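Each chain is listed here by its residues.
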Amino acid sequence: MAIVETTSRQFRERQKDFFEMADRGEKVVIRRGRKQTYVLTPVSEDDLYFTPEMIQRIKDAQQEIREGKSTVIKNKEELDAFFDNL
């Protein structure tokens, strides 16, 4: 895998080129000044954890907790008992 280093200024001027390099699997490293460095990587749909479906599942779970449809486990013994009953 090729590693391509660039400055933030060059990145701004040639964004399309650097995005295409990242799409091809090249590692694009962008330096911003002397202290900050970034890596440009493509993100797939699988990389996005908080999809609309996931957000809805979280909201549904929060509603169930408000309605008392949850199990509170306070210690190891209660946890063991919970797993034994599954």
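Residues numbered from 1 in each chain as written. Predicted model: local features only at pLDDT ≥ 70, side-chain atom pairs only at ≥ 80, totals over all residues. Heavy atoms only, no water.

> How do you make sense of the sheet that holds strand 2 (residues 27–32) when you look at a structure like this?
Adjacent strands of a sheet pair through backbone hydrogen bonds, lying either parallel or antiparallel. Strand order in this open sheet of 3 strands is 1-2-3, and the pairing throughout is mixed. Of all the strands in the sheet, the pair left with one neighbour each is strand 1 (3–7) and strand 3 (36–40). Within this sheet the neighbouring strands show an average axis-to-axis angle of 25 degrees, counted without direction. Summarising the sheet, strand 1 and strand 2 pair through 5 bridges and their orientation is parallel. When the sheet's bridge partners are listed, Thr 7 is paired in strand 2 with Arg 31. (Pairing = 2+ DSSP bridges. Helix = DSSP H or I, 4+ residues; strand = E, 2+ residues; numbered from the N terminus. Axes fitted to C-alpha atoms, helices over the stretch in contact; angles between N-to-C directions.)

> How should I be thinking about the packing of aromatic side chains in this particular structure?
Two descriptors summarise a pair of aromatic rings, namely the distance from one centre to the other and the angle between the planes of the rings. One pass over the full model with this rule turns up 3 aromatic pairs. Arranged with centres 6.0 Å apart and planes meeting at 35 degrees, the rings of Phe 11 and Phe 18 form a pair that is tilted. A single burial state applies to Phe 11 and to Phe 18, both of which are buried. Taken together, a centroid distance of 5.7 Å and an interplanar angle of 65 degrees make the contact between Phe 82 and Phe 83 edge-to-face. Using a relative accessible area of 33% as the deciding quantity, one classes Phe 82 as partly exposed. Phe 83 sits in the partly exposed class, given a relative accessible area of 49%. These aromatic residues form a ring-pair network of at least three members: Phe 11, Phe 18 and Phe 19. (Phe/Tyr/Trp six-rings, centres within 6.5 Å; stacked < 30°, edge-to-face > 60°. Buried < 20%, exposed > 50% of the residue type's maximum accessible area, 1.4 Å probe, protein only.)

> Please clarify how the pattern of salt bridges should be interpreted in this entry.
Any two side chains of opposite charge can pair if their charged atoms end up close together. One pass over the full model with this rule turns up 7 salt bridges. A salt bridge links Glu 13 to Arg 9; the nearest nitrogen and oxygen atoms lie 3.7 Å apart. Here the residue Glu 13 and the residue Arg 9 both occupy positions in helix 1 (residues 8–13), the gap between them amounting to 4 residues, near one helical turn. The two residues Glu 13 and Arg 9 agree in class, both being exposed. One salt bridge in this structure joins Asp 17 and Arg 14, with 3.1 Å as the shortest N-O distance. Judged by relative accessible area, Asp 17 falls into the partly exposed class, the value being 33%. Classification of Arg 14 by relative accessible area gives partly exposed; the value is 40%. (Salt bridge = Lys/Arg side-chain N within 4 Å of Asp/Glu carboxyl O.)

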